[in-house]
Amino acid sequence: MKFEREQLRVYFIAGTQDVKKGTLQEKLKVALEAGITMFQFREKGPSSLKGEDKEQEAIALMKLCNAYHVPFIVNDDVELALKIGADGIHVGQDDAKIESFISKSHNKIIGLSISNFQEYDQSDLTHVDYIGVGPVYQTSTKRDAKQPGGVEMIRRMRNYDESIPIVAIGGITEENVASLKKNGADGIATISSITHSANIENTVSRYLQYFN
């Protein structure tokens, strides 16, 4: 799938460990109906699926995304992404280096997490389609999250690199999303504000309002 920066507008990230009630497939279907523009399968943590179970879940989620023409991205697990034919791969600073898999990832969307300017400077962005910048706000989803940089970090990163697509991540809610677009973000990435939402449809459409 060809990458377009509009696909970053409302980027839903989740794994089965993030869902307390119901299933991830149910949540994703509602979010797709509501208009999310990208989905990342991030299966991490002690209660996450492994092996065959993880692969089967990934395939089911990917089929849902395909039905809505929404890119399906796999977090960190390059082998899985290549095996099932995911639309893309997202890696963090401590995950597999992009040059180690880029030759096998023809036409895949590549995302990279960046939390500060030092990481930006040290990263080879030759094959990177977008960067996930954050945490913007305090987040409970990542235990090893760095200090939040606030909207100021998004603004400074946009000034630092005027062209790269930026998705803001970390602690984003319907209440604090408004200033992110004004400060240069192409979209927002969120886990719990969708998985824990009492009304996913409303949450997603609120986000879309800001980025349409």
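Position numbers for residues count from 1 along each chain, tracking the sequence in the order it is written. Only residues with pLDDT of 70 or above have their local features reported here, since the model is predicted, and side-chain atom pairs are shown and tallied only from 80 upward, although totals for entire chains, interfaces and linings are computed over all residues. Computation of side-chain values covers all heavy atoms of the structure but excludes hydrogens and water.

### Describing the pairing of strand 6 (residues 130-133)
Burial along strand 6 is two-sided: the residues Tyr130 and Gly132 and Ile131 and Val133 are all buried. If DSSP finds at least two bridges between two strands, the strands pair. Think of it this way: any DSSP run of H or I at least four residues long counts as a helix, any run of E at least two long counts as a strand, and we number them from the N terminus. Where strand 5 (residues 109-114) meets strand 6, four bridges bridge the pair, whose relative direction is parallel. Within the sheet, the bridge partner assigned to Ser113 lies in strand 6 and is Gly132. Traced from strand 5 through helix 4 (residues 117-122) to strand 6, the parallel crossover comes out right-handed. Where strand 6 and strand 7 (residues 166-169) come together, three bridges link them in parallel fashion. Bridge pairing in strand 7 places Val133 opposite Ala168. Classification of residues uses two cut-offs on accessible area relative to the type maximum, computed with a 1.4 Å probe and protein chains only: under 20% is buried, over 50% is exposed, and between them is partly exposed. Orient the strands so they point away from the viewer; a crossover is then right-handed if the path from the first strand over the helix to the second runs clockwise.

### Regarding the UniProt feature "binding site: 4-amino-2-methyl-5-(diphosphooxymethyl)pyrimidine" (unreviewed entry) in the protein chain
UniProt positions are given in the numbering used here, feature names are shortened, and annotations may be inferred rather than shown by experiment. On the UniProt side, "binding site: 4-amino-2-methyl-5-(diphosphooxymethyl)pyrimidine" (unreviewed entry) is annotated at positions that read Gln40, Phe41, Arg42, Glu43, Lys44, Asn75, Ser113 and Lys142 here. Whether two residues are in contact is decided by their heavy atoms, any of which lying within 4.5 Å being enough. Not counting the four nearest positions on each side in its chain, Lys44 is found in contact with Gln17, Asn75, Asp76 and Asp95. In this structure the side chain of Lys44 is engaged in a polar contact, spanning 3.4 Å, whose partner is the side chain of Asn75. Assessed through its relative accessible area of 10%, Asn75 is described here as buried. Sequence-distant contacts of Asn75, defined by excluding residues within four places in its chain, comprise Gln40, Phe41, Arg42, Lys44 and His90. Think of a polar contact as two N or O atoms within 3.5 Å of one another; within protein, one of them needs to be a possible hydrogen donor and the other a possible acceptor, and neighboring residues in sequence only count if both atoms come from side chains.

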